[in-house]
Amino acid sequence: MTELLQFLLSGITVGAVYALVALGFTIIYNASDVVNFAQGEFVMLGGMITVFAYKAGLPIPVAALFAILLTAAIGVAFNRVAIETARGAPVVSLIIITIGASIFIQGVAQVVFGKELHRLPSFSGDDPIRILEATILPQSFWVIGGAMVVFVGLWLFFTRTLLGRAVLATSNNRVAAQLVGINTGFVMTLSFGLSAGIGALAGVLITPITLTSYQVGIALALKGFAGAMLGGMGNPKGALIGGLMLGLLESVTAGYLSSQYKDAVAFVVILAVLFAMPQGLFGRKATERV
Amino acid sequence: MSLLAVEGLGIRFGGLHAVKDVGFSLKAGEIVSVIGPNGAGKTTLFNMISGVYTPGSGRVLLEGEDVTGLDPYLLARRGLSRTFQNLQIFQAMTVLENVMSGFHLRERGPVLADLFALPGSRRRSREAEEGARRLLARVGLERAAEREAGALSYGALKRLEIARALALEPKILLLDEPAAGCNAVETEEIDHLIAEVAAEGTAILLVEHDMKMVMRISNHIVVLDHGEKIAEGDPAAVSRDPRVIEAYLGAQAQESTHAHG
């Protein structure tokens, strides 16, 4: 029982990270139908920039804020330089551009930040907190809390605000959105900025637990993408639950079977779900008129 | 003063001069139709006026102000609204939401009020909903309000697109083949609707292949052929114009001469 609780706690922590990455995917997908495979690099940049700003003498909260804003700016620039200029290209081409951007950002990060692992101190100490017989690191609460706050914020944004509705309208039909007076260029800028900022936040929150290096992005992007697909691409609720489920699956598998199999089992479960429900757990059925 | 004036508008696609030096103007409440054989450049002309294409030459004046090449969303905010021949509908939204989206320009309120669903914000969206339902009733779609737009028939989608364009309360409405694919009854309904909207003071620019409809409701007709304006005038004058008759029938007439000769 204690064992299970322990696995669940660590699963939720990892899952919260996946959920944050998945939420980042959701925003850009909602605005543009593009699956942004550079999403993991935003996570890497968030952690890396915080580490270096902290080393340069900034207090952690300031360093974190700086990293999030700078990464958001990089996201906006990425959209301007690579995505907007290819506007009108098929979505598949745009997705391949994001893969290219991911490799490029990694290359630059390798040169700028070096190849070694970087660490960041925990925000509120390293003394484990006991819950019944299991323990959890204080930093885990930061990760879980961060995912919750971002989720609630996004959910309100997409369901309650006109700007959020404008993002959804743009994704549904860009021309129609323009016709009703939506500045679709601004919607894209906003989406990339927001998505990169959320990715960076995830990077800031997990770096004290997992450390960071120039190549952590790919694995996180893959897991976040899987989480988003599992929950249903485009739906914030799906991203949150998909990410958490993936984290739990991994941690339970690693605990009871072997950590060698954790990725395999997680992906097999995802495949099984997607066979039965191609739209994911909360995805909206696609209707396309020909 | 004319509401919309087009002066010397032209565009090239590679070597093809798709539209060349076209000019005309619209006054409030007027219905002007652009006709011409397939490929004459009617839709291209529409796309330049509504900001989808940037014209290669010439100007578009909205209430005397130069708006040439402005993005469609800016033109929408200035009161120029349009529909598309091949439909631009939010397929994943309900019929009601599609029309409500047209109200959002006027609905704009503080973001925080929206986030916490304050009374002001709820009132604004209720007003938008009521307005949208009125427009749906006007185009005969009130019963379909809650259905997903993607599930509607083609003719119904045409009317939905018009309702959404009207939600913006446009000063000028560009309609690209509103009756295409509609049956006779639907065509007549659209016909009445257009006349009604014009009577309320909106200027209407129409591209339509249904000649009976064009002749019946237009105040003024502009005829394009191979990208150039070959005639304009009231329906009676245009239908008698020999150049118009040649543009429409010339090719066929020549072909049949060859066949018989």
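Residues numbered from 1 in each chain as written. Chains lettered and ligands numbered in written order. Predicted model: local features only at pLDDT ≥ 70, side-chain atom pairs only at ≥ 80, totals over all residues. Heavy atoms only, no water.

1. Some details on the overall build of chain B
Step number 1: A count of helices and strands for chain B gives eleven helices and ten strands.
Step number 2: Counting across all 261 residues of chain B, residues that qualify as buried make up 54%.
Step number 3: In the structure as shown, chain B presents an accessible area of about 11900 Å², 51% of it carried by carbon and sulfur atoms. (Helix = DSSP H or I, 4+ residues; strand = E, 2+ residues; numbered from the N terminus. Buried < 20%, exposed > 50% of the residue type's maximum accessible area, 1.4 Å probe, protein only. Areas by Shrake-Rupley, 256 points an atom, 1.4 Å probe, with all protein chains shown as cover.)

2. Focus: the overall build of chain A
Step number 1: Of regular secondary structure, chain A possesses eleven helices and two strands.
Step number 2: Sequence-ordered secondary structure for chain A, helices as α and strands as β, is α-α-α-α-β-β-α-α-α-α-α-α-α.
Step number 3: Taking 19 Å as the expected radius of gyration for a compact globule of 290 residues, we find that chain A reaches 19 Å, a close match to that expectation.
Step number 4: A buried classification covers 51% of the 290 residues belonging to chain A.
Step number 5: As displayed, chain A offers around 12700 Å² of accessible surface, 70% of which is attributable to carbon and sulfur atoms.
Step number 6: Treating the 15 positive side-chain charges of chain A as one cloud and the 11 negative ones as another, the clouds have centres 12 Å apart. (Rg over C-alpha atoms; globule rule 2.2 N^0.38 Å. Lys, Arg positive; Asp, Glu negative; His and termini not counted. Charge placed at Lys NZ, Arg CZ, Asp CG, Glu CD.)

3. Re the nonpolar core
Among soluble globular proteins, nonpolar side chains are generally buried collectively.
Step number 1: Grouped together as the largest cluster of nonpolar side chains are 64 residues, with contacts concentrated most on A:L20, A:F25, A:F78, A:L154, A:I182 and B:F90.
Step number 2: Considering every element that reaches this core, the biggest residue donor is helix α1 (residues 2-32) of chain A, with 13 residues.
Step number 3: A:F78 has contacts with A:N36, A:A38, A:F42, A:I83, A:T98, A:A101 and A:F192, leaving out every residue within four places of it along the chain.
Step number 4: Listed in part, the 39 residues of the second largest apolar core include B:L166, B:L193, B:V197 and B:M213. (Core = buried A, V, L, I, M, F, W, Y, C linked by side-chain atoms within 4.5 Å. Contact = heavy atoms within 4.5 Å.)

4. Here we look at the packing of helix α10 (residues 236-256) of chain A against helix α11 (residues 262-276) of chain A
All names here are of chain A.
Step number 1: Following both chains from N to C, one finds α10 and α11 inclined at 135°, their axes separated by 8 Å at the closest point. As summarised for this structure, α10 and α11 are arranged oblique, according to the angle between their axes. For the element pair α10 and α11, the recorded crossing hand is right-handed. Across the interface between the two elements, L246, L249, E250, T253 and A254 of α10 pack against K262, D263, V265, A266, V269 and I270 of α11.
Step number 2: A breakdown of the residues in the contact of α10 with α11 according to their chemical character gives seven nonpolar, one polar and three charged. (Axes fitted to C-alpha atoms, helices over the stretch in contact; angles between N-to-C directions. Parallel < 35°, antiparallel > 145°, perpendicular 65-115°, else oblique. Left-handed = near helix turned anticlockwise from the far one by under 90°. Nonpolar A, V, L, I, M, F, W, Y, C, P; charged D, E, K, R; others polar.)

5. With respect to the sheet that holds strand β5 (residues 65-66) of chain B
In any sheet, the strands associate via hydrogen bonds between backbone groups, in a parallel or an antiparallel arrangement.
Residue and element names in this part refer to chain B.
Step number 1: Sheet architecture is open: four strands sit in the order β2-β1-β4-β5, paired in antiparallel fashion. This sheet does not close on itself; its edge strands, each paired only once, are β2 (16-26) and β5.
Step number 2: As paired elements, strand β4 (residues 57-62) and β5 share two bridges and run antiparallel to each other. Within β5, the residue paired with L62 across the bridge is E65. (Pairing = 2+ DSSP bridges.)

6. Concerning the interface of chain A and chain B
Step number 1: Listed per partner, the contact involves 21 residues of chain A and 33 residues of chain B.
Step number 2: Summing the contributions of chain A and of chain B, the shared interface buries around 2400 Å²; its carbon and sulfur component is 57%.
Step number 3: On the surface where chain A and chain B come into contact, there are one salt bridge.
Step number 4: Every element with two or more residues in the side of chain A that touches chain B is listed here: α5 (138-160), α6 (162-172) and α7 (174-179) of chain A.
Step number 5: A per-element tally of the side of chain A that touches chain B places α7(A) first, with five residues.
Step number 6: Of the residues belonging to the side of chain A that touches chain B, the class tally is ten nonpolar, seven polar and four charged. (Buried area = accessible area lost by both parts, 1.4 Å probe. Salt bridge = Lys/Arg side-chain N within 4 Å of Asp/Glu carboxyl O.)

7. Here's the deal with the side chain of B:R164
Step number 1: Along the chain, B:R164 falls in helix α7 (residues 154-167).
Step number 2: Here the side chain of B:R164 touches B:Q88 through a polar contact of 2.6 Å, landing on its backbone oxygen.
Step number 3: Apart from residues no more than four positions distant in its own chain, B:R164 is found in contact with A:A176, A:L179, A:V180, B:Q88, B:I89, B:F90, B:N98, B:V99, B:S101 and B:G102. (Polar contact = N/O pair within 3.5 Å; in protein donor to acceptor, adjacent residues only side chain to side chain.)

8. Describing the pairing of strand β7 (residues 172-176) of chain B
Residue and element names in this part refer to chain B.
Step number 1: Counting buried positions along β7 gives five out of five residues, so the element sits mostly inside the fold.
Step number 2: Neither face of β7 is exposed, since I172, L174 and D176 on one face and L173 and L175 on the opposite face are all buried.
Step number 3: When strand β6 (residues 80-82) meets β7, the two strands line up parallel, connected through three bridges. In the strand pairing of β7, R82 is matched with L174.
Step number 4: Pairing of β7 with strand β8 (residues 203-207), which is carried by five bridges, proceeds in the parallel orientation. Bridging from a neighbouring strand, D176 pairs with V207 of β8.

9. A word on the environment of A:P61
Step number 1: Mapped onto the fold, A:P61 is located in helix α3 (residues 60-83).
Step number 2: Separated by eleven residues in the primary sequence, A:P61 and A:T50 place their C-alpha atoms 9.0 Å from one another.

10. What about unusual backbone geometry?
Excluding glycine, a negative phi dihedral is what most residues carry, and trans is how most peptide bonds are arranged.
Step number 1: Phi is positive for A:L211, close to 65°, though the residue is something other than glycine.
Step number 2: Mapped onto the fold, A:L211 is located in the loop between α8 (184-210) and α9 (216-231).
Step number 3: The residue B:L87 is not glycine, and still its phi comes out positive at about 65°.
Step number 4: For B:L87, the position within the fold is in the loop between β6 and α3 (95-101).
Step number 5: For B:L87, a relative accessible area of 13% puts it in the buried group.

11. Focus on the packing of aromatic side chains
Here the distance between the centres and the angle between the planes together describe a pair of aromatic rings.
All names here are of chain A.
Step number 1: All chains considered together, the criterion is met by nine aromatic pairs over all chains.
Step number 2: Their ring planes at 70° and their centres at 6.2 Å tell us that F25 and F37 sit as a pair that is edge-to-face. Residue F25 is found in helix α1, and its partner F37 is found in the loop between α1 and α2 (39-55); the two are separated by twelve residues along the sequence.
Step number 3: Judged by relative accessible area, F25 falls into the buried class, the value being 0%.
Step number 4: Geometrically, the ring pair formed by F123 and W142 is edge-to-face, given 5.2 Å between the ring centres and 80° between the ring planes. (Phe/Tyr/Trp six-rings, centres within 6.5 Å; stacked < 30°, edge-to-face > 60°.)

12. Things to note about a nonpolar patch on the surface
All names here are of chain A.
Step number 1: A contiguous nonpolar patch, built from L58, V62, F66 and L70 and spanning about 310 Å² of accessible area, is present on the exposed surface.
Step number 2: Here L58 lies in the loop between α2 and α3.
Step number 3: Here L58 falls in the partly exposed class, since its relative accessible area comes to 34%. (Patch = residues over 30% accessible without salt bridge, like charges linked within 9 Å, V, L, I, M, F, W, Y side chains within 5 Å.)

13. Things to note about the pattern of salt bridges
Step number 1: The final tally for this structure, using the stated rule, is 21 salt bridges over all chains.
Step number 2: A:R165 is the partner of B:E97 in a salt bridge, and the nearest nitrogen-oxygen pair spans 3.4 Å. Highlighted residues: B:E97 in helix α3 and A:R165 in helix α6, drawn from two different chains.
Step number 3: Residue A:R165 is classed as partly exposed on the basis of its relative accessible area of 33%.
Step number 4: Between B:D191 and B:R216 there is a salt bridge, and its shortest N-O distance comes to 2.2 Å. A residue pair is termed long-range when its members are at least 10 positions apart, and B:D191 in helix α8 (residues 184-199) and B:R216 in helix α9 (residues 211-217) qualify at 25 residues.

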